[in-house]
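Summary of the model geometry
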Amino acid sequence: MNTYLLAPDAATVELLRNTVQSQSLTVKSALVRAAGQSLLPLLQNIESGILLLCSSQAQLAEDLETLESMTWSNPQLSVVLISDSDTKENLMRAMRAGIREVVASPPAQSDLIAALRRVVGHHGKTRNADDSFVGTGKVVAFISCKGGSGSTFLATNMAYLIADTFNRRCVLVDLDLQYGDASYYMSQDDAKNNISDLTQQIDRLDAQLLSSCMQRITPRLNLLAAPNEPGVALAITANQLEQVLTLAKRMHEFVVLDLDSAIDAVTLKALDMADVVFVTMECNLPVVRNAKRLVKLFHSLGYGDDKLKLLVNKFQSDGVLDVKSIEQAVAIKVNHTIPNQVEAVTEAFNLGRPLELLHPQNGVLKALREITSSLLHTPLPKTRGWMDRLMGKAA
Ligand SMILES: Nc1ncnc2c1ncn2[C@@H]1O[C@H](COP(=O)(O)OP(=O)(O)OP(=O)(O)O)[C@@H](O)[C@H]1O
Ligand SMILES: [Mg+2]
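None of these values were measured; they are calculated from a predicted model. (Residues numbered from 1 in each chain as written. Chains lettered and ligands numbered in written order. Predicted model: local features only at pLDDT ≥ 70, side-chain atom pairs only at ≥ 80, totals over all residues. Heavy atoms only, no water.)

**What about the overall build of the protein chain?**
For the protein chain, the count of helices and strands is 17 helices and 13 strands. Against the globule reference of 21 Å for 395 residues, the protein chain gives a C-alpha radius of gyration of 22 Å, in line with a compact fold. Out of the 395 residues in the protein chain, the part that is buried amounts to 51%. In the protein chain, the share of contacts with a sequence separation of at least 24, taken over all contacts with a separation of at least 6, comes to 74%. (Helix = DSSP H or I, 4+ residues; strand = E, 2+ residues; numbered from the N terminus. Rg over C-alpha atoms; globule rule 2.2 N^0.38 Å. Buried < 20%, exposed > 50% of the residue type's maximum accessible area, 1.4 Å probe, protein only. Contact = heavy atoms within 4.5 Å.)

**Comments concerning the domain arrangement of the protein chain**
Taken domain by domain, the protein chain comprises domain 1 (2-126) and domain 2 (138-391). Measuring from the centre of the C-alpha atoms in domain 1 to the corresponding centre in domain 2 gives 33 Å. Summed over both sides, the interface of domain 1 with domain 2 buries roughly 670 Å², with 63% coming from carbon and sulfur. It is Trp72, Ser73 and Pro75 that lose the most area in domain 1 upon contact with domain 2, and together they represent 79% of the buried surface on that side. Where domain 1 touches domain 2, the interface holds zero salt bridges. Along the contact surface separating domain 1 from domain 2 lie zero residue pairs in polar contact (both at pLDDT 80 or more). (Domains from an automatic or database assignment. Buried area = accessible area lost by both parts, 1.4 Å probe. Salt bridge = Lys/Arg side-chain N within 4 Å of Asp/Glu carboxyl O. Polar contact = N/O pair within 3.5 Å; in protein donor to acceptor, adjacent residues only side chain to side chain.)

**Regarding the packing of helix α10 (residues 238-251) against helix α11 (residues 265-273)**
Direction vectors running N to C along α10 and α11 enclose 35°, while the axes themselves pass 8 Å from each other. Relative to α11, α10 is oriented so that their crossing is right-handed. Together, Ala238, Leu241, Glu242, Leu245 and Thr246 of α10 and Ala265, Val266, Lys269, Ala270 and Met273 of α11 make up the contact between the two elements. A breakdown of the residues in the contact of α10 with α11 according to their chemical character gives seven nonpolar, one polar and two charged. (Axes fitted to C-alpha atoms, helices over the stretch in contact; angles between N-to-C directions. Left-handed = near helix turned anticlockwise from the far one by under 90°. Nonpolar A, V, L, I, M, F, W, Y, C, P; charged D, E, K, R; others polar.)

**Quick notes on helix α16 (residues 363-375)**
Compared with an ideal rise of 1.5 Å per residue, which puts 13 residues at 18 Å, α16 spans 18 Å between its outermost C-alpha atoms and is within 8% of the ideal. Just past α16, the residue histidine 377 takes up positive phi, approximately 50°. (Expected span 1.5 Å × (residues − 1).)

**Structural notes on the sheet that holds strand β12 (residues 308-315)**
Read across the open sheet, the eight strands follow the order β8-β9-β7-β10-β6-β11-β12-β13; overall the sheet is mixed. Taken across any chain shown, the strands that pair with only one partner, and hence form the sheet edges, are β8 (215-218) and β13 (334-339). Adjacent strand axes in the sheet meet at a mean angle of 25° when their direction is disregarded. Two elements, strand β7 (residues 170-175) and strand β9 (residues 221-224), share four bridges in a ladder whose sense is parallel. If you follow valine 171 over to β9, its bridge partner there is asparagine 222. Contacting β6 (138-144), β7, β9 and β10 (254-259), α10 crosses the sheet at an angle of about 145° to β10. (Pairing = 2+ DSSP bridges.)

**Description of the site of ligand 1**
Inspection of the region around ligand 1 gives 18 residues, with Ser144, Gly148, Thr152, Phe153 and Lys314 positioned closest. Here glycine 148 contributes a backbone N or O atom positioned 2.9 Å from an oxygen atom of ligand 1. Between threonine 152 and ligand 1, the recorded distance is 2.6 Å, taken from a side-chain N or O atom to an oxygen atom. Within the complex, 79% of the 630 Å² of free accessible area of ligand 1 lies under protein. If you tally residues by element for the shell around ligand 1, the top one is helix α5 (residues 151-165), at three residues. Looking at side-chain class alone, the shell around ligand 1 contains six nonpolar, 10 polar and two charged residues. (Near = heavy atom within 4 Å. Areas by Shrake-Rupley, 256 points an atom, 1.4 Å probe, with all protein chains shown as cover.)

**Examining the pattern of salt bridges**
For the structure on display, the rule yields eight salt bridges. Ionic pairing is found between arginine 33 and aspartate 63, a salt bridge with its closest N-O pair at 2.9 Å. Of this pair, arginine 33 sits in the loop between β2 (26-32) and β3 (49-55) while aspartate 63 sits in helix α2 (residues 57-73), placing them 30 residues apart in sequence. Note on accessibility: arginine 33 and aspartate 63 belong to one class, buried. A salt bridge links glutamate 327 to lysine 333; the shortest N-O distance between them is 3.7 Å. Judged by relative accessible area, which is 62%, lysine 333 ranks as exposed.

**A word on the environment of aspartate 181**
By the secondary structure assignment, aspartate 181 is in the loop between β7 and α6 (182-186). Among all residues touching aspartate 181, those that are not within four sequence positions of it are Thr152 and Asp174.

**Things to note about the confidence of the model for the protein chain**
Residues of the protein chain with pLDDT of at least 70 account for 94%, and the chain-wide mean is 89. Of the regions scoring below 50 in pLDDT, residues 384-395 engages in 22 contacts with residues more than four places distant in sequence or in other chains. (pLDDT = per-residue confidence, 0-100.)

**Section: the side chain of aspartate 174**
Here aspartate 174 shows up in strand β7. Here aspartate 174 sits buried without a salt bridge, and the closest side chain of opposite charge, lysine 314, lies 16 Å off (N-O distance). Within the structure, aspartate 174 has its side chain in polar contact with the backbone nitrogen of alanine 182 (distance 3.0 Å). Dropping the residues within four chain positions of it, aspartate 174 is found in contact with Gly180, Asp181, Ala182, Leu224, Ala225, Ala226 and Asp258. (Lys, Arg positive; Asp, Glu negative; His and termini not counted.)

**Considering the pairing of β8**
Strand direction decides the pairing type here: β8 and β9, joined by three bridges, are antiparallel. Across the sheet, residue glutamine 215 finds its bridge partner in β9, namely leucine 223. Hairpin connection from β8 to β9: two residues lie between these consecutive antiparallel strands.

Below is the structure:
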């Protein structure tokens, strides 16, 4: 496995090199980083393996911000942070930035070896025979401020982009438990099983059972459908949902949730587990009022601006409301607007196909690609050739 070393002086670089090599790992690059030197340019071309990084107290905040983007976009990269600051606050920040191990600085060789062994053990598990991801996927939730704002359409089409444009293993979980219709946006075949087939036998829940209940939409995209009957949905508990999502996160790099706009214990559990919540609203006055209430509730639950993202769907630039007045009314920045394109969106819905396959140049898709690219901290891959698209191949 490749390792990348970044330390403030030659002696520490050598210590790291010796330690890494003692564990039969390959040193791909070893650099001395001058004080104050920005981290980002030094991380070019690092995508997978182990990064051992020394970060001084002065650099830590900026480094963690840079690393957070990296760990989102490169789930196969593990970072071992060597830091002289081990306050609870900094450890929490490191955890949020996706750092796998923190070793006190100056590093003792025994601590480094123990950390490396844990990371290597984790990597060994990250790909098993059937290529299931075994890591910690990100949870991305969509919730409408009012029914019909477009959360299902956006969630399903984003899931498709994550899987087939950005090449990440993804599952769409339809958590509009009583009236879920995500499957209609993704496929013309009825899902044979659904989430209630899991929650009804929660004691047996494992990767095999989850796999058997998901519908495979494309090689990298799964759907866990909502129950067929509203009554069955009522029996699903927050605790059961937590177990299902925890397992789904181990098997997918991204877990996209389409939530019911009514808040109950199950929805709250899903929202709490989400790393990002896209609050979806249409551009009219009654919806603005709902959006304001919802955002206020989320703020009271402690969700910060890094978690909440407001999407204004079916946006018309000549409409009554502009972005500024929405932001003032809802008390949160608009993350993105998505244009109103009834014809293309309705066609995609009627055919049960993602917009990407029908109208790749559509403005709705352009907006959704930008949102997904920034969510994944990954630039949009080069446009796929028409033949690849036709054959359903990844970029
Ligand atoms: N950008 C758009 N332009 C035009 N029509 C759209 C757009 N986004 C969604 N729609 C349409 O709006 C309608 C509602 O969308 P959707 O079902 O995704 O909303 P929802 O928030 O999930 O609603 P529900 O509360 O019923 O679950 C659908 O007919 C969908 O095709
Ligand atoms: Mg919906």
